[in-house]
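# Architecture at a glance
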Amino acid sequence: MNLTTLFGQAMNRVRRRWLVGIGLFVMASFAVLYGRMGAPKIHIGEIQMCIPSKYISELPVLSWLYLVPGLDNAGSHLNVDIPSMELVGVIPGYHENDHGVMDYVGVLLTYLSDEEVAGTRNNPFYYELWDATGIYGEREIEFDGIAGAYRAYTSNRKAPNPPGWVLFRAEPGVGEAPSDILDHVIANCHIVRTFSDGYQLVSCFNDILVRNLRVRFHFTGVNLQYYDQLEEFIRRRIEEWMC
């Protein structure tokens, strides 16, 4: 056997070892990434969340940011989508669609400083609306029998653009505005579409605080009567995702 043959055999052995090593590395890397894809650890501000990837609306585009250890920082904001069928399963009567429009609960998670948490909990906007001060001096109040709450309109209902309104648990202007007024707000709503039969599709959102996260979730007005169950579901889900 000549030197050329021996050299070729040696190179083949080295080549095979390299291929085996690369294969093992790829398999191990895939296993790590697969585990992170299942429930990637994502930092939102100073809070670490373990959110199943199916809920993270940005993940298909920015997956490499969240899957690579060290690059899993979402900054101060993260969008999460919860399919309405999950709510249908736990909230009896919850509507999966409103007049044919499919529903989902869109959630925006925002990290706040302690000062921003206090500002959110005591938002001056709600106090002005409650006391009819500032630009809300002519605000109108009406009782919403379906939601079992009071609408405080933020604009003149005679204006050409559909007005928005805030739903309070108690009637605004009757008695002193409560402290921690955010706890007395059910939702901010406005009309987003009027169908040919006159039906008006309403979109609503509200904020809750979970530690230093402001959790802003959007839902359709047809589900306002289930607000308390919806809030409880959202709060419990966010707490479960903290890791």
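Above this text you will find the structure in question.
The sections below set out a description of the structure shown in this document. Small disclaimer: the values here were computed from a predicted structure and weren't measured.

## Describing the state of the cysteines
Under the definition given, this model contains 2 disulfides. Through a disulfide, Cys-50 is tied to Cys-243; the S-S separation comes to 2.1 Å. Torsion about the S-S bond of the Cys-50 and Cys-243 cystine: about 85°, corresponding to right-handed handedness. Taken as a pair, Cys-50 in strand E2 (residues 47-50) and Cys-243 in the segment after helix H6 (227-241) lie far apart in primary sequence, 193 residues in all. A sulfur-sulfur distance of 2.2 Å marks the disulfide that ties Cys-189 to Cys-204. Handedness of the Cys-189-Cys-204 disulfide follows from its S-S torsion of about 110°: it is right-handed. One end of the pair, Cys-189, is in strand E10 (residues 185-194); the other, Cys-204, is in strand E11 (residues 200-210), and 15 residues separate them in sequence. Here the two residues Cys-189 and Cys-204 agree in accessibility, since each one is buried. Disulfide connectivity for the chain, with bonded cysteines indexed by sequence position, reads 1-4, 2-3.

## Notes on the pairing of strand E3 (residues 77-83)
Residues Leu-78, Val-80 and Ile-82 point to one face of E3 and are all buried, whereas His-77, Asn-79, Asp-81 and Pro-83, pointing to the other face, are not buried. Two elements, E3 and strand E6 (residues 104-111), share 7 bridges in a ladder whose sense is antiparallel. By the bridge assignment, Ile-82 is partnered in E6 with Val-105.

## What about the pattern of salt bridges?
Tallying each qualifying case throughout the model produces 8 salt bridges. Residue Glu-86 is joined to Arg-237 by a salt bridge in which the shortest nitrogen-to-oxygen separation is 3.2 Å. In this pair, Glu-86 is assigned in helix H3 (residues 84-90) and Arg-237 in helix H6, connecting sequence segments 151 residues apart. Exposure remark for Arg-237: the relative accessible area of 14% places this residue in the buried category.

## Notes on the environment of Asp-180
Here Asp-180 shows up in the loop between strand E9 (164-168) and E10. Residue Asp-180 is classed as partly exposed on the basis of its relative accessible area of 29%. Each C-alpha atom, one on Asp-180 and one on Ala-118, is 8.8 Å from the other, the two residues being 62 residues apart in sequence. Aside from chain neighbours lying at most four places away, what touches Asp-180 is Arg-121, Asn-122 and Tyr-127.

## Some words on the environment of Glu-171
Among the structural elements, Glu-171 can be located in the loop between E9 and E10. For the pair Glu-171 and Tyr-150, spaced 21 residues apart in the sequence, the C-alpha separation amounts to 5.7 Å. In contact with Glu-171, other than residues within four places in its own chain, are Trp-130, Ile-141 and Tyr-150.

## As for the sheet that holds strand E8 (residues 149-153)
Taken in spatial order, the 8 strands of this open sheet run E3-E6-E12-E11-E10-E9-E8-E7, and their pairing is antiparallel. Because the sheet does not close on itself, it has two edges, and the strands there are E3 and strand E7 (141-144). Averaged over all pairs of adjacent strands, the angle between strand axes in this sheet comes to 25°, irrespective of strand direction.

## Looking at helix H5 (residues 124-131)
Among the residues of H5, those classed as buried are Tyr-126, Leu-129 and Trp-130. Take H5 and look down its axis: the buried residues cluster within an arc of 100°, on one side only. By the N-cap criterion, in which a side-chain oxygen at the helix start approaches the backbone nitrogen of a residue two or three places on, H5 is capped by Asn-123, the distance to Phe-125 being 3.0 Å. Residue Ala-132 follows H5 closely and has a positive phi angle near 55°.

The rules behind each value
- Note that residues are indexed from 1 along each chain, following the sequence as it is written.
- Note on the predicted model: pLDDT of at least 70 is required for a residue's local features to be given, and 80 or more for side-chain atom pairs to be given and counted; whole-chain, interface and lining totals, by contrast, use all residues.
- Calculation of side-chain values draws on the structure's entire complement of heavy atoms; hydrogens and water are dropped beforehand.
- The criterion for a disulfide is a pair of cysteine sulfur atoms lying within 2.5 Å.
- Put simply, DSSP H or I for four residues or longer makes a helix, DSSP E for two residues or longer makes a strand, and each gets a number counted from the N terminus.
- When a residue's accessible area, from a 1.4 Å probe over protein chains only, is under 20% of the maximum for its type it is buried; when over 50% it is exposed; and in between it is partly exposed.
- When DSSP finds two or more bridges between a pair of strands, those strands are recorded as paired.
- Salt bridge, as applied in this entry: a Lys or Arg side-chain nitrogen positioned within 4 Å of an Asp or Glu carboxyl oxygen.
- Only heavy atoms matter for contacts: two residues are in contact if any of them lie within 4.5 Å across the pair.
- Only the stretch in contact is used when a helix axis is fitted, and all axes are lines through C-alpha atoms; the angle between N-to-C directions ranges over 0 to 180 degrees.
- To be clear, the arc concerns the directions from the helix axis to the C-beta atoms.
- What qualifies as a polar contact is a pair of N or O atoms within 3.5 Å, subject to a donor-acceptor requirement within protein and to the restriction that residues adjacent in sequence count only when both atoms come from side chains.

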